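For reference, the chains in residue letters:
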Amino acid sequence: MATSSTMALSSLLPPQTLHITSSNHPPNSSLKVFSFPTRSPQQNCHPKSILSTSPPSFTWVPSQKWRTCISFFPAFLKNKAKDAKAIKEELLEAIAPLDRGAEATPEDQQSIDQITRKLEAVSPIKEPLKSDLLNGKWELIYTTSQSILQTERPKILRSKTNYQAINVDTLRAQNMESCPFFNQVTADLTPLNARKVAVKFDYFKIAGLIPVKAPGRAKGELEITYLDEELRNKKL
């Protein structure tokens, strides 16, 4: 999440906290955060507000039979989708034993960075801020941010799961930690281009209950480098 209040959406900003800075990374390196939507791949989540935790609404989708038998997409697009699926499987296999990145060695990070670059090259969504796929609640599955991972704390005191909720319509985001502390933070998003937003945190919630106004320095930028129905990657 931002600075030291880690809940970066991955440590805080949906499934991942919006992490603003990290003294554990060289100035020229990019923090990487991967997250999964906490919804079925064939559901569209349109929360009324970033704080909403109501179930996602369901929209009509073509039957599996129709999608299997008829396609209006050129072959190269289908090949691109196959490439993305294979790369995602490779990525998920690589990060699975790494405890969301807490157990990653520099070699692991380098390997995952290489896989990430391959995945970004076949991203199906070129302007993620214009896509409804970005809306919803996401779960953090990997990050290079040590502040989000809270590695300075004993394992028993680290957040077990981090989420980030995003509402593109209202340009609001919320990062949430799970037990043992359930801290939260909310933020305003200001688009800088079709892939990047400026992030301004406004309130932290200690234990999810006690509101504390965020300091003026609690801000940063977030760039979404990959987005589909199952996975999101961002650089902070």
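Model, not experiment: these values are computed from the prediction. (Residues numbered from 1 in each chain as written. Predicted model: local features only at pLDDT ≥ 70, side-chain atom pairs only at ≥ 80, totals over all residues. Heavy atoms only, no water.)

Asker: Help me understand the overall build of the protein in this model?
Answerer: Along the protein, the regular secondary structure elements total four helices and nine strands. Order of helices (α) and strands (β) in the protein, N terminus to C terminus: β-α-α-α-β-α-β-β-β-β-β-β-β. When the 236 residues of the protein are sorted by exposure, 45% land in the buried category. Long-range contacts, defined here as pairs at least 24 residues apart, represent 63% of the contacts in the protein between residues at least 6 apart. Only carbon and sulfur atoms are counted for the fraction: they give 57% of the accessible area of the protein, which is about 12300 Å². (Helix = DSSP H or I, 4+ residues; strand = E, 2+ residues; numbered from the N terminus. Buried < 20%, exposed > 50% of the residue type's maximum accessible area, 1.4 Å probe, protein only. Contact = heavy atoms within 4.5 Å. Areas by Shrake-Rupley, 256 points an atom, 1.4 Å probe, with all protein chains shown as cover.)

Asker: How should I be thinking about the nonpolar core in this particular structure?
Answerer: One broad rule of soluble globular proteins: the nonpolar side chains tend to lie buried together. Leu134, Ile166, Leu189, Val197, Val199, Phe201 and Leu227 are the most contacted members of the largest nonpolar core, which totals 22 residues. Residue assignment for this core shows that the elements contributing at least two residues are strand E2 (136-143), strand E5 (184-191), strand E6 (196-206) and strand E8 (219-227). Looking at which element gives the most residues to this core, the answer is E6, with four residues. In this structure leucine 134 touches Pro128, Leu129, Ile166, Val168, Ile224, Leu227 and Arg232, once residues within four positions along its chain are discounted. (Core = buried A, V, L, I, M, F, W, Y, C linked by side-chain atoms within 4.5 Å.)

Asker: In this structure, what is going on with the pairing of strand E3 (residues 162-167)? I would like to understand it.
Answerer: Residues in a regular strand point their side chains to alternate faces of the sheet. With five of six residues buried, E3 is to be regarded as a mostly interior element. Relative to E3, E2 is paired through four bridges, and the arrangement is antiparallel. The residue of E3 that forms the bridge with glutamate 139 is tyrosine 163. Pairing of E3 with strand E4 (residues 172-177) involves six bridges; the strand directions are antiparallel. For asparagine 162, the partnering residue across the bridge sits in E4 and is glutamate 177. Connecting E3 to the antiparallel partner E4 that follows it, the hairpin turn spans four residues, and leucine 171 within it adopts a positive phi of roughly 55°. (Pairing = 2+ DSSP bridges.)

Asker: Explain the environment of glutamine 150 here, please?
Answerer: Structurally, glutamine 150 is set in the loop between helix H4 (146-149) and E3. Judged by relative accessible area, glutamine 150 falls into the buried class, the value being 2%.

Interpretation note: all reported values are geometric properties and have no functional meaning in isolation.
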